[in-house]
Amino acid sequence: MSRPVPVEEMIRRFKKAHANSHILKVDNFSLLKKYEVEEIESSVLAFGGHKWKLILYPNGNENDNAKGHISLYLEIQDSESLPLNWAVKIQFDIFILNQFRPFWKNRYGSVVFGPYNTKQGFARLISLSELHNTRQGYLVDDCALFGVKPYGVQGVKDGTAECFTLVEKPMNNKVTWKMTKFLAFDRFAKYKSHEFVVGNRKWSIEVHPRGFEEGKGNSLSVFLRGEGFMDNSVPNAKTYARYKLRVLDQINGNHVEDTCLYWIPVDPIGCGFVTLMPLKALHDPSKGYLLDDTLYVGVELQVVSVSNYC
């Protein structure tokens with residue numbers, strides 16, 4: 001069985017028919033299990049005078065006794081700006097759309113959010129066995145459609161939608177930074193490469209020649225920085241990234257490298273290793289890392305998430 005209309009048209013119709021709703025379309029759903037992605041956050045949503053996110057557990061929230069299910073929650077995002085002992089009451093549907101017929105599997109909630117319950121929803125929205133049943137229509141062509149629809153909020157606007165997908169070996173995923181006159185660098189400063197684009201986000205490599213935090217004075221610290229976003233990207237959504245940071249051995253090819261797995265924040269920040277390699281090894285000429293006052297530092301992004309409006 002196939003979809004009666006393309007998924008893009010399905011989303012367009014739903015947004016028009018359901019005011020204030022938001023759809024989180026997840027493509028390449030099978031990669032979430034392959035790369036052990038336990039949790040996905042939507043972009044920041046605004047309704048009812050507050051900011052929210054959808055929190056999806058594609059293999060179930062084990063802390064909520066939901067192994068073998070899809071767990072989906074609504075989480076308030078602006079609680080820090082609210083007064084002491086605040087309370088926000090809201091009514092909403094959390095759902096997964098059926099792609100074969102005009103139907104949604106939904107759970108209705110009328111709940112009060114507060115300082116000790118900022119995330120509420122449904123631990124067992126749908127079982128994984130039902131999701132993966134090809135006759136049911138909830139997972140089609142490795143794509144699933146989740147969402148939220150609030151009720152009783154002020155202001156009526158068309159629904160919105162975003163598409164989240166993991167991309168393996170994205171284009172231009174290997175970048176090497178040639179750092180010349182390395183010994184002239186300020187020992188305790190940090191240096192940033194030119195920006196480059198992988199997926200739908202800009203990135204840079206950050207290096208601390210004499211280390212940072214616990215690596216200060218004893219290690220080379222290297223980080224990958226998430227910078228700005230490209231056009232049509234969702235600008236307030238974190239980026240999942242699995243990547244290798246490395247220092248190249250220019251003699252024997254015995255590169256020093258380690259693998260990172262991070263949800264890179266929206267704000268520019270470095271994620272990596274404060275002790276990627278000891279300074280003693282770095283400055284040993286026989287090792288081949290620093291030759292002719294030149295160092296090569298690289299990154300290889302193996303998997304990144306891409307979030308676009310749809």
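Look above for the structure.
Every value quoted in this text rests on a predicted model; they were computed, and no experiment measured them.

### What about the nonpolar core?
Generally speaking, nonpolar side chains in soluble globular proteins are found buried as a group. Counting residues in each nonpolar core, the largest one holds 39 residues, and the members touching the most others are Phe29, Ile70, Leu74, Phe113, Phe146 and Leu166. In terms of residues, this core owes the most to one element, strand S6 (residues 88-97), which gives 5 residues.

### A short note on unusual backbone geometry
At Lys181, a residue that is not glycine, the phi angle is positive and equals roughly 50 degrees. Mapped onto the fold, Lys181 is located in the loop between strand S11 (174-180) and strand S12 (191-192). Taking relative accessible area as the criterion, Lys181 reaches 62% and is therefore assigned exposed. A positive phi angle, close to 50 degrees, is found at Asp292, a residue other than glycine. Within the fold, Asp292 resides in the loop between strand S19 (290-291) and strand S20 (294-309).

### What about the side chain of His69?
Position of His69 relative to the elements: it lies in strand S5 (residues 69-76). Under the relative-accessibility criterion, His69 is labelled buried at 17%. At a separation of 3.4 Å, a polar atom in the side chain of His69 contacts the main-chain carbonyl oxygen of Lys67. When near neighbours in sequence (up to four residues on either side) are disregarded, His69 contacts Tyr57, Pro58, Asn59, Gly60, Ala123, Arg124, Ile126, Ser127 and Leu128.

### Side note on the packing of aromatic side chains
Summed over the entire model, instances satisfying the criterion amount to 14 aromatic pairs. Here Phe14 and Phe95 contribute two aromatic rings whose centre-to-centre distance is 5.3 Å and whose plane-to-plane angle is 45 degrees, an arrangement assigned as tilted. Here Phe14 is found in helix H1 (residues 7-17), whereas its partner Phe95 is found in strand S6, with 81 residues between them in sequence. Here Phe14 falls in the buried class, since its relative accessible area comes to 9%. Consider the rings of Tyr240 and Trp263, whose centres lie 5.4 Å apart with planes at 65 degrees: the pair is edge-to-face. Separated by 23 residues along the polypeptide, Tyr240 in strand S16 (residues 239-247) and Trp263 in strand S17 (residues 256-264) bring together distant segments of the chain.

Rules of the game
Residues numbered from 1 in each chain as written. Predicted model: local features only at pLDDT ≥ 70, side-chain atom pairs only at ≥ 80, totals over all residues. Heavy atoms only, no water. Core = buried A, V, L, I, M, F, W, Y, C linked by side-chain atoms within 4.5 Å. Buried < 20%, exposed > 50% of the residue type's maximum accessible area, 1.4 Å probe, protein only. Helix = DSSP H or I, 4+ residues; strand = E, 2+ residues; numbered from the N terminus. Polar contact = N/O pair within 3.5 Å; in protein donor to acceptor, adjacent residues only side chain to side chain. Contact = heavy atoms within 4.5 Å. Phe/Tyr/Trp six-rings, centres within 6.5 Å; stacked < 30°, edge-to-face > 60°.

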